[in-house]
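Each chain, written out:
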Amino acid sequence: MGSRLFDCAPGSLLVGVPFTAVDVHSIERQWSVWASLPPLPQAHEGDEGAAGLLYLFHGRCNASAPACERVRAAAAVGGRARRAFGRIVFEEARLSGRSDAYDKRRSSAGWTMGPNNLFHHLVQHTRRLGYHYLLQLEPDVLPIRPGWLERATCVAAFSDAWIIGSALYANCSYDGRSGRCESELPERFAGHINGNAIYAVGDPAFAKYLKEARYGSLRKLPFDLALHALREQFDQATRRRLMHRFQHSSFVVNMGTLLPDVAALRATLPNAFLVHSSAYAKLDDEQLFSLFGATAATAKAA
């Protein structure tokens, strides 16, 4: 009988990390946390058919060489965490102008074009590289338990959902226009799954659904909201059949703009392995590593 890791088909999953030059230090810190909370049990590191890791830069690396080189360097000294991946790939999205807009204040209609385009580029690269599942991990997603990559492969393998992830778990969400943390989301989006999730990009039916979300009437919405809202445009029978394709899971917990209490999450959510929070950026290295039990030296020593 094969090992649990083999049964979960790790070779079918790609971890995709989209980034800009602003995210480079977060990626370096991500590797340090991975060293303390490694992706796989040591017995499975270096297994044939292991999951892949893709870094996708928003622009052209020759125009931002230091950013891309720092990410390559972080991966090169990743130690034990690096051995969890069968291959590590670096790609460029080559976005520019309006297609590369990132505006949390929502001051224009195209405020979300950059993240949307990066996501869809990740989907395309995942298919091209031969993987069925994409786990999108932005640089502000960190593990709270070891073995998170093994768990991701199993969560994906034992579900026929198209998207597996988390609605907003925090009690409020920062509004870029008002500058306040609003306790209520717009009702039509309250249950949407955050973009840091597992996607069955190799499923032909999901590919068709993705295409409609990208190019249809919802194309100006953030991609995760568009994927959620698109369901409501179908008749009730179709909506019922689609319900199991969108799986809410505590495997990845979306805290939005709030800083997580890692100890409390570990105690109350035994199946939570990853936590998304933009508040990590407010912490210095010592504060962040203390929160997760990591140190800056861990990655080099692993």
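You'll find the structure just up there.
The structure contained in this document is the topic of the report that follows.

Calculation criteria
- Residues numbered from 1 in each chain as written.
- Predicted model: local features only at pLDDT ≥ 70, side-chain atom pairs only at ≥ 80, totals over all residues.
- Heavy atoms only, no water.
- Pairing = 2+ DSSP bridges.
- Helix = DSSP H or I, 4+ residues; strand = E, 2+ residues; numbered from the N terminus.
- Contact = heavy atoms within 4.5 Å.
- Axes fitted to C-alpha atoms, helices over the stretch in contact; angles between N-to-C directions.
- Disulfide = S-S within 2.5 Å.
- Buried < 20%, exposed > 50% of the residue type's maximum accessible area, 1.4 Å probe, protein only.
- 1 Å grid on protein atoms, 1.4 Å probe; cavity = no way out; pocket = protein on both sides within 12 Å on 5 of 7 lines; lining within 4 Å.
- Points joined across faces, edges and corners; volume = space filled by probe spheres on them.
- Nonpolar A, V, L, I, M, F, W, Y, C, P; charged D, E, K, R; others polar.
- Parallel < 35°, antiparallel > 145°, perpendicular 65-115°, else oblique.
- Left-handed = near helix turned anticlockwise from the far one by under 90°.

## Quick look at the sheet that holds strand 1 (residues 13–19)
Now for step 1: Strands sit in the order 3-2-1-4-9-6-10 across an open sheet of 7 strands; the sheet is mixed. Strands with a single pairing partner mark the edges of an open sheet, and in this sheet they are strand 3 (87–92) and strand 10 (246–248).
Now for step 2: Here strand 6 (residues 163–165) pairs with strand 10 via 3 bridges, running parallel. What sits directly across from I163, in strand 10, is F246.
Now for step 3: Its contacts with the sheet put helix 2 (residues 24–36) on strand 1, strand 2 (52–57) and strand 3, and the angle it makes with strand 2 is roughly 165°.

## Structural notes on the sheet that holds strand 11 (residues 252–254)
Now for step 1: In spatial order, the strands read 5-12-11; together these 3 strands make up an open sheet with mixed pairing. Each edge of the sheet is formed by a strand with only one pairing partner; in this case those strands are strand 5 (141–143) and strand 11. The average angle at which neighbouring strand axes cross in this sheet is 25°, direction not considered.
Now for step 2: Relative to strand 12 (residues 274–276), strand 5 is paired through 3 bridges, and the arrangement is antiparallel. Each bridged residue has a counterpart across the sheet, and for P143 the counterpart in strand 12 is L274.

## What to know about the state of the cysteines
By definition, a disulfide is the covalent link that joins the sulfur atoms of two cysteine residues.
Now for step 1: Per the counting criterion, the structure on display carries 1 disulfide.
Now for step 2: The residue that forms a disulfide with C61 is C68, at a sulfur-sulfur distance of 2.0 Å. On the sign convention where negative means left-handed, the S-S torsion of about -80° between C61 and C68 marks this disulfide as left-handed.
Now for step 3: Classification of C68 as buried rests on a relative accessible area of 4%.

## Brief notes about empty space enclosed by the protein
Now for step 1: Tallying each qualifying case throughout the model produces 2 cavities of 30 Å³ or more.
Now for step 2: In this structure, the largest cavity occupies an estimated 40 Å³ of space.
Now for step 3: Forming the boundary of the largest cavity are I163, H192, I193, D224, L227, H228, R231 and F246.
Now for step 4: The leading source of residues in the lining of the largest cavity is helix 8 (residues 223–230), at 3 residues.
Now for step 5: For the lining of the largest cavity, the per-class residue count stands at 4 nonpolar, 2 polar and 2 charged.
Now for step 6: Taken as a whole, the second largest cavity spans an internal volume of roughly 40 Å³.
Now for step 7: Only strand 2, helix 3 (65–76) and strand 3 provide two or more residues apiece to the lining of the second largest cavity.
Now for step 8: Along the lines of polarity and charge, the residues of the lining of the second largest cavity split into 6 nonpolar, no polar and 2 charged.

## A look at the packing of helix 5 (residues 113–128) against helix 7 (residues 204–215)
Now for step 1: As a packed pair, helix 5 and helix 7 sit with axes 12 Å apart at the nearest point and diverge in direction by 155°. Between helix 5 and helix 7, the interaxial angle falls into the category roughly antiparallel. Here the hand of the crossing between helix 5 and helix 7 comes out left-handed. Listed contacts from helix 7 to N117, F119, H120, V123, Q124 and R127 of helix 5 are A207, L210 and R214.

Read these as layout, nothing more, since geometry by itself doesn't imply function.
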